[in-house]
Amino acid sequence: MTRAPGPVAIRLEAPLAHVTLDDAAHGNRITPAARTALPAALAEAAADPGTRVIVLSGLPDVFCAGGTREDLTADGAARTPHGWDFVRAAADCPLPVVAAVQGHAIGGGLLLALYADAVVLSDRSSYSANFLTYGFTPCLGATHVLPTVLGQALGTEMLYTGRPYRGRELAARGAAVNIVAHDKVPARAAALARRIAQAPRTTLQLLKQELTAPERDLALAALERELPHHTATLDDPETRRRIGALYPLTHSRQSEAGSPR
């Protein structure tokens, strides 16, 4: 069964389900439609009784390019609940989710990947937590998930610098995720998902509950600490100027850096 509800496609191949961010027209950015469609697609895939594990992927050259310009210029407090539901969609799914991050992932797109239960990155795509590039502090639990998943020193450095890191550089720095040759990302993610799917569906659901309950508390605590600073820095005139001047340029450069070569 294959279905493409708007910017997200679903393919059921029991015991796996494939959910794909497939919105080339908007560069796989976090549009309002994507914010609604992704959690719904993961819920639909998990509801199918034949599904045990979900593989979450994007386009070959871009997994998820983060927020739109409209997002970046919106009120921080008002947009946070929608962004939170999106980036936490894999973590909040009742079944394990393996993120096949073949293309580049920026900002909230990287958070989406890192909140998954297992992550496979490409050696030549680029990954960035570019919040400070625009002048605002991170949000959506970024200060928790990057250091936790990638390692304290590396995650902290990525938050401070805001620059894109190639997958091969993250591998050399000891990032605690799977990093493979670009063309091998889909196969590695599927193999990992199939290995996980050998366990019974109910067992996987129960284990995910055990693993994610304390993690969600930590992420929520980080969000609560982040939100006042995030909102204040978004309203700063210098941040507004940076967004207007840098948004098209930085996203274009990231796309070039993340494209397969």
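Let's shift gears to the packing of helix α6 (residues 142-150) against helix α7 (residues 152-161). Here α6 crosses α7 at 140 degrees, and the two axes come no closer than 6 Å. As the angle between them shows, α6 and α7 are arranged oblique. Once α6 is placed against α7, the crossing between them reads as right-handed. Here Ala142, Thr143, Leu146, Pro147 and Leu150 of α6 come into contact with α7, specifically with Gln152, Leu154, Gly155, Thr156, Met158 and Leu159. Partitioned by chemical class, the residues of the contact of α6 with α7 number seven nonpolar, four polar and no charged.

A separate point is the pattern of salt bridges. Taken as a whole, this structure holds eleven salt bridges when the rule is applied. Where Lys208 meets Asp117, a salt bridge forms, and the shortest distance between an N and an O atom there is 2.7 Å. With a gap of 91 residues between them, Lys208 in helix α10 (residues 201-234) and Asp117 in the loop between α5 (108-114) and β8 (118-122) connect regions that are remote in the sequence. For Lys208, a relative accessible area of 5% puts it in the buried group.

So, about the sheet that holds strand β10 (residues 165-166). Spatially, β5-β7-β9-β10 is the arrangement adopted by the four strands of the open sheet, whose pairing is mixed. Two strands in the sheet have a free side with no partner beyond their single neighbour: β5 (62-64) and β10. The pairing of β5 with strand β7 (residues 104-106) spans two bridges and is classified as parallel. Considered in β7, the bridge of Val62 is made with His104.

Turning to the packing of α6 against α10, a few remarks are in order. Orientation of α6 relative to α10, taken along the N-to-C sense of each, is 130 degrees, at an axis distance of 7 Å. Taken together, the axes of α6 and α10 lie oblique to each other. The residues of α10 that touch α6, namely those facing Ala142, Thr143 and His144, are Glu215, Leu218, Ala219, Ala222 and Glu226. Class assignment of the residues belonging to the contact of α6 with α10 gives a composition of four nonpolar, two polar and two charged.

Turning our attention to the confidence of the model for the chain. The predicted model of the chain averages 91 in pLDDT, with 89% of residues at 70 or higher. Confidence drops under pLDDT 50 across residues 255-261; counting only partners more than four residues distant or on other chains, this segment forms 16 contacts.

The omega angle of the peptide bond from Ala14 to Pro15 is 15 degrees, so this bond is cis rather than trans. Relative to the helices and strands, Pro15 resides in the loop between β2 (8-13) and β3 (16-21). Even without a glycine there, the phi angle at Asn28 is positive, about 55 degrees. As for its placement among the helices and strands, Asn28 is situated in the loop between β3 and α1 (32-47).

One can find Thr212 in helix α10. Within the structure, the side chain of Thr212 is placed 2.7 Å from the backbone oxygen of Lys208, a separation counted as a polar contact.

Quick look at the nonpolar core now. Core analysis: the biggest nonpolar cluster contains 65 residues, and Leu38 and Leu146 have the highest contact counts within it. Tallying contributions element by element places α1 first for this core, with seven residues. Setting aside chain neighbours within four positions, we find Leu146 in contact with Leu110, Leu111, Leu114, Ala129, Gly151, Gly155, Met158 and Leu159. Val98, Val180, Val185 and Ala189 belong to the second-largest nonpolar core, a separate cluster that totals 13 residues.

Every regular strand shows the same layout, with side chains that alternate between the two sheet faces. Here strand β4 (residues 53-57) lies mainly inside the structure; five of its five residues are buried. Residues Val53, Val55 and Ser57 of β4 are buried on one face, and the alternating residues Ile54 and Leu56, pointing to the opposite face, are buried as well. In this fold, β3 hands off to α1, which returns the chain to β4; that crossover is right-handed. Here β4 runs beside strand β6 (residues 97-101); their pairing, made up of four bridges, is parallel. When the sheet's bridge partners are listed, Ile54 is paired in β6 with Val97.

Rules used throughout
Residues numbered from 1 in each chain as written. Predicted model: local features only at pLDDT ≥ 70, side-chain atom pairs only at ≥ 80, totals over all residues. Heavy atoms only, no water. Axes fitted to C-alpha atoms, helices over the stretch in contact; angles between N-to-C directions. Helix = DSSP H or I, 4+ residues; strand = E, 2+ residues; numbered from the N terminus. Parallel < 35°, antiparallel > 145°, perpendicular 65-115°, else oblique. Left-handed = near helix turned anticlockwise from the far one by under 90°. Contact = heavy atoms within 4.5 Å. Nonpolar A, V, L, I, M, F, W, Y, C, P; charged D, E, K, R; others polar. Salt bridge = Lys/Arg side-chain N within 4 Å of Asp/Glu carboxyl O. Buried < 20%, exposed > 50% of the residue type's maximum accessible area, 1.4 Å probe, protein only. Pairing = 2+ DSSP bridges. pLDDT = per-residue confidence, 0-100. Polar contact = N/O pair within 3.5 Å; in protein donor to acceptor, adjacent residues only side chain to side chain. Core = buried A, V, L, I, M, F, W, Y, C linked by side-chain atoms within 4.5 Å. Right-handed = clockwise from strand over helix to strand, strands pointing away.

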